[in-house]
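# Working through the structure, step by step
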Amino acid sequence: AFVPTVLAWRALNEWDEVKGQVVRSDARVAELLLGLVRDTAAARYDETQLLDVVANYALRAFPNATNFVLVSRDEENDDLVVLRAQTHDGKATEEVQLSRTIAERAMGEDCALLYVNGGGGNSATESQVLSRMETAICAPLRDGQGPFGVMQLDVRRPKRGRFTREDMDLLTVFAC
């Protein structure tokens, strides 16, 4: 079985502490989050517009990301359903592949993950090889009953760089 090379892991019970640190650490992040709150409030009655806002802000917050994917778990069959997949250039597309291995682990362990391909001697799954995924950050989306979905960003071109632990922490703020 494939086990992703996880460089960082952040448990849910640490998120409140991280939120304050992330927002206080960078004025750009605070400004971005205020814009996100304003625009999501304006779009709250239009699901398509709301998904556009979340995807666009996530890609602005992580400029080196190649793709953004937002999924929820289908309550009837327990499968992951893609709500939004978008490339960095703003195109909503069904061609962006979700790493189900990473998403399932984030939801199952209720944690944020920073993944890097090619480390630790693990072999990649076929979907990761085909998608050329270099690095990914993933965080579960929660409601009062537990994780119901996942937000994932990835880098598929090595020249764009890799995500850091700070990126993973910022994603936990977006997912909250």
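First, a word on scope: everything that follows refers to the structure included in this document. Bear in mind the structure is a predicted one, so any value in this text is a computation, not a measurement.

A few words now on the overall build of the protein chain. Helix and strand counts for the protein chain come out as six helices and six strands. Counted from the first residue to the last, the protein chain has its helices and strands arranged as β-α-α-α-β-β-α-β-α-β-β-α. The buried share among the 176 residues of the protein chain stands at 47%. Contacts in the protein chain between residues at least 24 apart in sequence constitute 63% of all its contacts with a sequence separation of at least 6. Surface exposure of the protein chain reaches about 9300 Å², of which carbon and sulfur atoms provide 48%.

Here we come to the pairing of strand β3 (residues 80–87). Bridge count for strand β2 (residues 67–73) against β3 is seven bridges, and the pairing is antiparallel. Each bridged residue has a counterpart across the sheet, and for L70 the counterpart in β3 is R84. Between β2 and β3, which pair antiparallel in sequence order, lie six residues; one of them, D78, sits at a positive phi of approximately 65°.

Counting through the fold element by element, N64 comes out in the loop between α3 (47–61) and β2. Not counting residues up to four positions away in its chain, the partners in contact with N64 are V155, R160, G161, R162 and F163.

Within the largest apolar cluster, 32 residues are counted, with the highest numbers of intra-cluster contacts made by F62, F68, L153 and F174. No other element matches α3, which puts eight residues into this core. In terms of nonpolar packing, the next biggest core, distinct from the first, is built from 17 residues, L80, I102, C111 and V150 among them.

This paragraph deals with the pattern of salt bridges. Taken as a whole, this structure holds eight salt bridges when the rule is applied. Through salt bridges with shared partners, a single ionic network connects R73, D78 and E104.

We now examine the packing of helix α2 (residues 27–42) against helix α6 (residues 165–175). Closest axis-to-axis distance for the α2/α6 pair is 11 Å, and the angle between their directions is 25°. By the angle class used here, α2 and α6 are roughly parallel. The handedness of the crossing between α2 and α6 comes out as right-handed. Note on element contacts: α6 touches α2 through L170, V173 and F174, opposite V29, L32, L33 and L36. When the residues that make up the contact of α2 with α6 are grouped by side-chain class, the tally is seven nonpolar, no polar and no charged.

Every α-helix carries 3.6 residues per turn, so stepping three or four residues along brings you back to the same face. The terminal C-alpha atoms of α2, which comprises 16 residues, lie 23 Å apart, in line with the 22 Å expected from a rise of 1.5 Å per residue. All of the buried residues in α2 are V29, L32, L33, G35 and L36. The buried residues of α2 occupy an angular sector of 160° when the element is viewed end-on, so they sit on one face. When the buried face of α2 is taken as reference, the exposed residues oriented beyond 90 degrees from it are A27, E31, L34, V37, R38 and A42.

In this model, D78 sits at a positive phi of 65°, which is unusual for a non-glycine residue. Tracing the chain through its elements places D78 in the loop between β2 and β3. Even without a glycine there, the phi angle at D110 is positive, about 55°.

Take the packing of α2 against α3 next. Closest axis-to-axis distance for the α2/α3 pair is 10 Å, and the angle between their directions is 175°. Relative to α3, the element α2 is oriented roughly antiparallel. Residues R28, L32, G35, L36, R38, D39 and T40 of α2 form the contact with α3, whose own contacting residues are L50, V53, V54, Y57, R60 and A61.

The rules we used
Note on numbering: residues in each chain are counted from 1, in written sequence order. Residues qualify for local features only when their pLDDT is at least 70, as the model is predicted, and side-chain atom pairs are given and counted only at 80 or more; totals for whole chains, interfaces and linings, by contrast, use all residues. In computing side-chain properties, one takes all heavy atoms of the structure into account and sets aside hydrogens as well as water. Elements are defined by DSSP. Helices are runs of H or I of four residues or more, strands are runs of E of two residues or more, and each kind is numbered from the N terminus. Note on exposure labels: buried denotes an accessible area under 20% of the residue type's maximum, exposed denotes more than 50%, and partly exposed covers the range between, all computed with a 1.4 Å probe on protein chains only. Two residues qualify as a contact provided that any one of their heavy atoms is within 4.5 Å of a heavy atom in the partner residue. Note on areas: these come from Shrake-Rupley sampling with a 1.4 Å probe, and a residue is covered only by the protein chains present in the view. Only strands that DSSP links by at least two bridges are regarded as paired with each other. Definition of nonpolar core: a set of buried residues of the types Ala, Val, Leu, Ile, Met, Phe, Trp, Tyr and Cys, connected through side-chain atoms within 4.5 Å. Salt bridges are defined by distance alone: a side-chain nitrogen of Lys or Arg within 4 Å of a carboxyl oxygen of Asp or Glu. Geometry is summarised by axes, namely lines fitted to C-alpha atoms with helices restricted to the contacting stretch, and by angles between N-to-C directions that run from 0 to 180 degrees. Here the word oblique covers every angle except those under 35 degrees (roughly parallel), over 145 (roughly antiparallel) and from 65 to 115 (roughly perpendicular). Each helix crossing is assigned a hand: it is left-handed if the near helix lies turned anticlockwise from the far helix by less than a right angle, otherwise right-handed if that turn is clockwise. Polar here means any residue other than Ala, Val, Leu, Ile, Met, Phe, Trp, Tyr, Cys and Pro, which are nonpolar, and Asp, Glu, Lys and Arg, which are charged; Gly is therefore polar. Every helix has an expected span of 1.5 Å times one less than the residues it contains. Relevant arc is that of directions from the helix axis to the C-beta atoms, nothing else.

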